[in-house]
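# Coordinates in review
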Amino acid sequence: MPQTHHPVISSTGLFTPKDSISNAELVASYNSYVELHNRQHAAEIVRGEILELQPSSVEFIEKASGIKARHVMAKEPVLDPGIMAPRWQERGNDELSMMAEIGVKAARRALERAGRSPGDVDAVLCAASNMERAYPAMAIEIQQALGIDGFAFDMNVACSSATFGIQTAADYVRSGNARSVLVVSPEITSGHLNWRDRDSHFIFGDVATAVLVEDSSIAPDQHWDILGTKLKTVFSNNIRNNFGFLNRADPDKANNPDKLFIQEGRKVFKEVVPLVASMILAEADRLDIDPAGLRRLWLHQANAGMNRLIAQRVLGHEADDDESPTVLDTYGNTSSAGSIIAFHLHSDDLVAGDVGLICSFGAGYSAGTVFVRKVA
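These remarks concern the structure in this document. (Residues numbered from 1 in each chain as written. Predicted model: local features only at pLDDT ≥ 70, side-chain atom pairs only at ≥ 80, totals over all residues. Heavy atoms only, no water.)

Glancing now at helix α11 (residues 338–345). Across the eight residues of α11, seven count as buried, placing the element largely inside the fold. Listed in full, the buried residues belonging to α11 are G338, S339, I340, I341, A342, F343 and H344. (Buried < 20%, exposed > 50% of the residue type's maximum accessible area, 1.4 Å probe, protein only. Helix = DSSP H or I, 4+ residues; strand = E, 2+ residues; numbered from the N terminus.)

Shown next, in the form of structure tokens:
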């Protein structure tokens, strides 16, 4: 069948780690660490040399974020006040890496849902906020594990990586350089989270998603037309992670807190909400789509308050759970995977002709929109 050069989303896949950490478990762990730290440094605290750490609470976390739990790849070490970081044995070069493993699981589920085999796929994009290594590319490892011929590469635009990946895949279809592209987002965010920071230790969770973008000529009967995509970046230091191979050039600072996730949360909230809302409205206008008529918004899952304000500015009224579903409460912030989880779990009930929006935003600043319409 001739290629139409019209990209669609044929299916999605989701891998969820079996272990989940509730806010109550997280707070108990963190407060144990605070008590131990303050006791061990009591003299320095009295002399004013270091600040006394303050305990956290379930109420504080849920009011600040809307998060109630998060899935993780390694629960026990994260909750151990003496460790508070993921721990597992480093794998050999001939073993499938952790990141590739969960990416492959999500990808296989996307392929199965679309009735595809790996031989049908032309390319793999690994789009995530952090890569397990510099090279070989995680995408090429995932490609190898799945048995896909073609090409693969990594891309990182932090929390917007998946939507940037979808536009990239769609552009390959539009240009005729591919008919079927897997966008895989394995997010082991527990590795870059400072579990000893009161203001952020509750934010992230681990997961992997996959999106199969294809030419409409080969799409399954039930799919989503990609009506339009838009990407935007504006430089900001308000969300940052300075970890990298050049850290070894200054070993005295190699383990400083900025080598993990840091952010100025209030500034992010104030600046990102209008940026994203105006971007969505402008793109809807370009595509001649009435934003108030959008059936569903699958927004980035970082903060419940941000999503509430963005949805209100787009729809013209406060959105209910049906119009803007939340997975943040049980998954936490899963970086680039969040909006895809929401789409994966809350899209089957829509009917032919319904129009919705997949939107992600985060560090960079970066933001991506994917307007879609349900077919069959």
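The next subject is the packing of helix α1 (residues 23–40) against helix α3 (residues 58–65). Each pair of packed helices can be described by the angle between their axes along with the distance between the axes. Where α1 meets α3, the closest approach of the two axes is 9 Å, and the angle between their N-to-C directions is 120 degrees. It follows from the interaxial angle that α1 and α3 lie oblique. For the crossing formed where α1 meets α3, the hand is right-handed. Taking contact as the criterion, the partners of N23, A24, L26 and V27 in α1 are, on α3, V58, I61 and E62. Class assignment for the residues of the contact of α1 with α3 results in five nonpolar, one polar and one charged. (Axes fitted to C-alpha atoms, helices over the stretch in contact; angles between N-to-C directions. Parallel < 35°, antiparallel > 145°, perpendicular 65-115°, else oblique. Left-handed = near helix turned anticlockwise from the far one by under 90°. Contact = heavy atoms within 4.5 Å. Nonpolar A, V, L, I, M, F, W, Y, C, P; charged D, E, K, R; others polar.)

Bridge count between strand β4 (residues 123–127) and strand β5 (residues 151–155): five bridges; the pairing is parallel. By the bridge assignment, L125 is partnered in β5 with F153. With respect to chirality, the unit in which β4 leads through helix α6 (residues 138–146) into the neighbouring parallel β5 is right-handed. (Pairing = 2+ DSSP bridges. Right-handed = clockwise from strand over helix to strand, strands pointing away.)

Here we have nine strands laid out as an open sheet, ordered β5-β4-β6-β7-β1-β8-β13-β12-β11, and mixed in their pairing. The sheet is open, and its two borders are formed by β5 and β11 (296–299), each paired with just one other strand. Across this sheet, the average inter-strand angle for adjacent strands is 25 degrees, counted without regard to direction. In this structure, strand β6 (residues 180–188) lies alongside strand β7 (residues 206–215), joined through nine bridges in antiparallel fashion. Considered in β7, the bridge of S185 is made with T209. Its contacts with the sheet place helix α7 (residues 161–175) against β1 (7–15), β4, β5, β6, β7, β8 (223–233), β12 (355–362) and β13 (366–375), and it is angled at close to 115 degrees to β8. Across the sheet, α11 is in contact with β1, β7, β8, β11, β12 and β13; its angle to β1 comes to roughly 95 degrees.

Looking at the secondary structure, you find S217 in the loop between β7 and β8. Of note is the side chain of S217, whose polar atom sits 2.5 Å from the side chain of D215. For S217, the residues in contact, after removing those within four places along its chain, are M1, P2, Q3, T4 and R179. (Polar contact = N/O pair within 3.5 Å; in protein donor to acceptor, adjacent residues only side chain to side chain.)

Counted under the stated rule, the structure contains nine aromatic pairs. Judged by centre distance (5.6 Å) and plane angle (85 degrees), the ring pair of W224 and W298 falls under edge-to-face. Of this pair, W224 sits in strand β8 while W298 sits in strand β11; the two residues are 74 residues apart in sequence, bridging distant segments of the chain. Taking the centre distance of 4.8 Å and the plane angle of 90 degrees together, the rings of W298 and F343 count as edge-to-face. Highlighted residues: W298 in strand β11 and F343 in helix α11, separated in sequence by 45 residues. Residue classification places W298 among the buried residues on the basis of a relative accessible area of 0%. Taken together, the ring pairs in this structure connect F151, F153 and Y172 into an aromatic cluster. Positioned above the aromatic ring of F60 is the side chain of R198, whose terminal nitrogen or guanidinium carbon lies 4.2 Å from the ring centre. (Phe/Tyr/Trp six-rings, centres within 6.5 Å; stacked < 30°, edge-to-face > 60°. Lys NZ or Arg CZ within 6 Å of the ring centre and 35° of its normal.)

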